[in-house]
Amino acid sequence: KAGVTQTPRYLIKTRGQQVTLSCSPISGHRSVSWYQQTPGQGLQFLFEYFSETQRNKGNFPGRFSGRQFSNSRSEMNVSTLELGDSALYLCASSLPGPTGELFFGEGSRLTVL
Amino acid sequence: QQPVQSPQAVILREGEDAVINCSSSKALYSVHWYRQKHGEAPVFLMILLKGGEQKGHEKISASFNEKKQQSSLYLTASQLSYSGTYFCGTPSGNTGKLIFGQGTTLQVKP
């Protein structure tokens, strides 16, 4: 069974640019969550999607957005990049509900210069 | 509210034991534990679903005390492979949203 796939794995952008990250969940998983990981802040919840609907959103500015497609693949977008957006962005898929184990992808490491 | 983990970091020798605590200011109904090795994605260890429940994974076990709103992860006879950062996560609402603690970095030395 293929795991969670995230692309791209690494990218470098400059301030003011925008970026789109992609996540393909495990087959059969309709719930996809996104997390931002930085050394000082740990794993911060960004959003969760289920059946193309955003069910939860974390405390991030509106520059952070996402969507989910009918095949459960998800994308997140960050516009007007700031230096502080440099981080590892992790996607996780799961079966629905609060007891579902999260399966994480290896992440997309974004560096903003 | 983010759960609080303690300690922030632990250094052990192989064969020693460690305990990592996770506490919350709000009622807990379940607790997840994950381990992230350096440069890798977090990996699920176990979930505890009700008060007093204990689970085990290899020589890693955990307990969950609903009344005290806390969970503890016990690493027995630690191995080099146990090195990494351990996160506890608590669900927020009835969806898949998990709020993670800040993590506890464990280093096991030979």
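Not measured: the values here are computed from a predicted model.

Looking only at helices and strands, chain B features zero helices and eleven strands. Ordered by position from the N terminus, the helices and strands of chain B form the series β-β-β-β-β-β-β-β-β-β-β. For chain B, whose C-alpha radius of gyration is 13 Å, the value lies close to the compact-globule estimate of 13 Å for 110 residues. Once the C-alpha set of chain B is aligned to its principal axes, its extents read approximately 40 × 30 × 20 Å. Burial statistics for chain B: of 110 residues in total, 48% are counted as buried. Counted over contacts in chain B with a minimum sequence separation of 6, partners at least 24 positions apart contribute 54%. Surface exposure of chain B reaches about 5,300 Å², of which carbon and sulfur atoms provide 49%.

What follows concerns the packing of aromatic side chains. Residues and elements named next belong to chain A. Under the counting rule described, the total for this entry stands at ten aromatic pairs over all chains. Measuring from ring centre to ring centre gives 5.6 Å for Tyr35 and Phe45, while their planes differ by 70 degrees; the resulting arrangement is edge-to-face. With Tyr35 in strand β4 (residues 31-38) and Phe45 in strand β5 (residues 42-50), this residue pair connects regions lying ten residues apart in the sequence. Residue Tyr35 is classed as buried on the basis of its relative accessible area, which comes to 0%.

Our focus in this paragraph is the interface of chain B and chain A. Counting residues at the interface gives 20 residues for chain B and 21 residues for chain A. Buried area between chain B and chain A, summed over both chains or domains, comes out near 1,600 Å², and the portion from carbon and sulfur atoms is 61%. Linking chain B to chain A there are zero salt bridges. The interface formed by chain B and chain A includes three residue pairs in polar contact (both at pLDDT 80 or more).

Rules and cut-offs
- Residues numbered from 1 in each chain as written.
- Chains lettered and ligands numbered in written order.
- Predicted model: local features only at pLDDT ≥ 70, side-chain atom pairs only at ≥ 80, totals over all residues.
- Heavy atoms only, no water.
- Helix = DSSP H or I, 4+ residues; strand = E, 2+ residues; numbered from the N terminus.
- Rg over C-alpha atoms; globule rule 2.2 N^0.38 Å.
- Buried < 20%, exposed > 50% of the residue type's maximum accessible area, 1.4 Å probe, protein only.
- Contact = heavy atoms within 4.5 Å.
- Areas by Shrake-Rupley, 256 points an atom, 1.4 Å probe, with all protein chains shown as cover.
- Phe/Tyr/Trp six-rings, centres within 6.5 Å; stacked < 30°, edge-to-face > 60°.
- Buried area = accessible area lost by both parts, 1.4 Å probe.
- Salt bridge = Lys/Arg side-chain N within 4 Å of Asp/Glu carboxyl O.
- Polar contact = N/O pair within 3.5 Å; in protein donor to acceptor, adjacent residues only side chain to side chain.

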